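# Summary of the model geometry
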Amino acid sequence: MAQSTGDTSPIDHVEGQPPATGEIKAAGKPVETEAANAPDQKPAFENQTRAPQPDTMPKVTHQAVAEGLPQLWSMEFLPDGRMLVAAKKGSMHIVTSDGKPSAALKGVPAVISDGQAGLLDVAVAPDFATSNRIFFSFSEPREDGNGTSVASARLVTDDRGGAALEDVAVIFRQTPSYDNTKHYGSRLVFGKQGELYVTVGERSDRETRVFAQDLKSGFGKVFRIDTSGKALPDNPFASAGEGDAKPEIWSYGHRNLQAAALDAKGRLWTVEHGPKGGDELNMPQAGRNYGWPVITYGIDYSGAPIGDGITAKDGMEQPVYYWDPVVGPSGMVFYSGSAFPEWEGAALIGGLVSTGLVVLHMEGDKVSHEERVPLEARIRDVKVGPDGAVYAVTENPKEGTSAILKLTREG
């Protein structure tokens, strides 16, 4: 199943069948018991990987609130409780509370959807109540290849339950373009001051992954822009004298970021797909280098080391947490609500490979415990609804379908 262009994500890692069931192990022991792909690699500090499960874990049940949807990549709640969803093939829909999707919204620009490409994340503007503006990322076809782009639009609804996008404008493009269909990222997260964080991948191939370290390149970065697509003046490389560094860059040295969220303090956290045994959680900070591909946990899909096979180097950040074997992270939210008090402040992460939710409990910006909620489906996105319940977007790439699950406390 592996692709043939060197160290690339195999299709089953990002677009294929679930190989795991997420069986729950005893409290106090790590949920992961499978052998590591890189057994000689050791964590840099306690609980950097395989943190124990908490002593108390809620019993979770779930039900589908929408089924038979096109294969989705993302979901966002609108203020009225309906769900705005983006389908990988390039359509956008509004799903009602009883699970009925609207017709495809008019106005969505052309996307490529082969491989890992598609219509990607969607985010509602902080002032949506007055502006009706949304933002979305997508794999944009270009004359010289393709790349991750971000667009804004007004979401205009009608009295028949339909909607359309108007005033559509591409505000930001990852450059340079490249001609493959892998590692686009991409999540969109609004900060507390209305700034927009954009995560992108490094396009996977050996020829491109090295540019995650290059500040002149848009590969493997977290960007921080305003709603018109311009760099924020207090970005780390925005001032004069930074050479040819892209001023939109917030952090660099990333691989393929498909999960991102703000915590209660308004800080950005990300989870990225690593190589075989190297998925990692980070809290990206201004101007910091997160190492890929110079340092990483895990190995090449061929079994060979990545680069020099090192996991630490001066000037490069350690991940807050990593997984070996991988979970296949996609979608992320920090929980706050009354339905699951045990999860207050925890990060909930969708698992494409672990086929459920990964729950990380935090203490002092480190992971104290990890638990899993098995859902027996690939989880592409996760959100907390206005009712305090957790909603998970599943995907079945073989069938090209998705469902939206509502998770509640059992009993």
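Each remark here, short or long, concerns the structure printed above.
Residues numbered from 1 in each chain as written. Predicted model: local features only at pLDDT ≥ 70, side-chain atom pairs only at ≥ 80, totals over all residues. Heavy atoms only, no water.

All right, on to the overall build of the protein then. Per the secondary structure count, the protein includes three helices and 23 strands. Against the compact-globule benchmark of 22 Å for 411 residues, the protein has a radius of gyration of 20 Å, which places it among compact chains. The dimensions of the protein, computed from C-alpha atoms along their principal axes, are 60 × 60 × 40 Å. Here the protein holds 411 residues, and the buried ones make up 58% of them. Once local pairs closer than 6 in sequence are excluded, the contacts in the protein between residues at least 24 apart make up 60%. Of the roughly 16100 Å² that the protein leaves accessible, carbon and sulfur atoms contribute 48%. (Helix = DSSP H or I, 4+ residues; strand = E, 2+ residues; numbered from the N terminus. Rg over C-alpha atoms; globule rule 2.2 N^0.38 Å. Buried < 20%, exposed > 50% of the residue type's maximum accessible area, 1.4 Å probe, protein only. Contact = heavy atoms within 4.5 Å. Areas by Shrake-Rupley, 256 points an atom, 1.4 Å probe, with all protein chains shown as cover.)

Glancing now at the pairing of strand β5 (residues 119-124). Along a regular strand, successive side chains alternate from one face of the sheet to the other. Burial of β5 is extensive: six of the six residues sit out of reach of the surface. Both β5 and strand β6 (residues 133-142) contribute to a ladder of four bridges, which runs antiparallel. Along β6, the bridge assignment pairs Val-124 with Ile-134. (Pairing = 2+ DSSP bridges.)

Another aspect to go through is the packing of aromatic side chains. Inspection of the entire model under this criterion finds 14 aromatic pairs. Seen in terms of ring centroids, Phe-340 and Trp-343 are 4.4 Å apart; in terms of plane orientation they differ by 20°. Their pairing is stacked. Exposure class is identical for Phe-340 and Trp-343. Each is buried. Over the ring of Phe-45 we find Lys-366, and its NZ or CZ is 4.1 Å from the ring centre. (Phe/Tyr/Trp six-rings, centres within 6.5 Å; stacked < 30°, edge-to-face > 60°. Lys NZ or Arg CZ within 6 Å of the ring centre and 35° of its normal.)

Moving on: the sheet that holds strand β17 (residues 329-334). The strand order across the open sheet formed by four strands is β17-β18-β19-β20, and the pairing between neighbours is antiparallel. The sheet terminates laterally at β17 and β20 (366-374), the two strands that pair on one side only. Within this sheet the neighbouring strands show an average axis-to-axis angle of 20°, counted without direction. Judged from the four bridges that link them, β17 and strand β18 (residues 347-351) form a sheet pairing that is antiparallel. The residue bridging Val-333 from the neighbouring strand is Leu-348, located in β18. (Axes fitted to C-alpha atoms, helices over the stretch in contact; angles between N-to-C directions.)

We now examine the nonpolar core. Among the nonpolar cores identified, the biggest contains 20 residues, and Met-92, Ile-134, Phe-136, Leu-155 and Leu-165 are the most heavily contacted of them. Contributions of two or more residues to this core are made by β3 (83-87), β4 (92-95), β5, β6, β7 (145-157) and β8 (163-173). Dropping the residues within four chain positions of it, Met-92 is found in contact with Leu-84, Val-85, Ala-103, Ala-104, Leu-105, Val-108, Leu-119, Ile-134, Phe-136 and Leu-165. Of all hydrophobic cores here, the second largest spans 18 residues; its members include Ala-51, Ala-261, Met-283 and Val-358. (Core = buried A, V, L, I, M, F, W, Y, C linked by side-chain atoms within 4.5 Å.)

You can see His-93 is positioned in strand β4. Exposure remark for His-93: the relative accessible area of 10% places this residue in the buried category. Among the polar contacts listed, one links the side chain of His-93 to the side chain of Ser-91, at a separation of 2.8 Å. In this structure, His-93 is in contact with Pro-70, Met-83, Leu-84, Val-85, Ser-102, Ala-103, Ala-104 and Leu-105, ignoring residues within four places of it in sequence. (Polar contact = N/O pair within 3.5 Å; in protein donor to acceptor, adjacent residues only side chain to side chain.)

For the rest of this paragraph, the subject is the pattern of salt bridges. Taken as a whole and judged by the stated rule, the model has 21 salt bridges. For Glu-370, the salt bridge goes to Arg-372, with nearest N and O atoms at 2.7 Å. Considered together, Glu-370 and Arg-372 belong to a single accessibility category, that of buried residues. Each of Asp-121, Arg-187, Asp-381 and Lys-383 takes part in one network of salt bridges that share partners. (Salt bridge = Lys/Arg side-chain N within 4 Å of Asp/Glu carboxyl O.)

Right, let's talk about the sheet that holds β4 for a bit. A sheet is described by the order of its strands in space; here three strands give the open sequence β2-β3-β4, paired in antiparallel fashion. Whereas interior strands pair on both sides, the edge strands pair on one side only; in this sheet they are β2 (72-77) and β4. If you compare each strand with its neighbour and ignore which way they point, the axes differ by 25° on average.

Before going further, it helps to spend a moment on unusual backbone geometry. Of note, the bond from Gly-185 into Ser-186 is cis; its omega dihedral lies within 30 degrees of zero at 20°. Summarising the element assignment, Ser-186 is placed in the loop between β8 and β9 (188-190). Along the chain, Trp-292 connects to Pro-293 via a cis peptide bond; the corresponding omega equals -5°. On the secondary structure map, Pro-293 appears in the loop between β15 (279-282) and β16 (321-323). Phi is positive for Arg-50, which is not a glycine, with a value near 50°. Checked against the element boundaries, Arg-50 lands in the loop between α1 (11-14) and β1 (60-70). For Arg-50, a relative accessible area of 26% puts it in the partly exposed group. Although it is not a glycine, Thr-355 sits at a positive phi angle of roughly 55°. Within the element layout of this structure, Thr-355 appears in the loop between β18 and β19 (356-363). Under the relative-accessibility criterion, Thr-355 is labelled buried at 0%.

Note that every value here comes from positions in space, so none of it alone points to a role or purpose.
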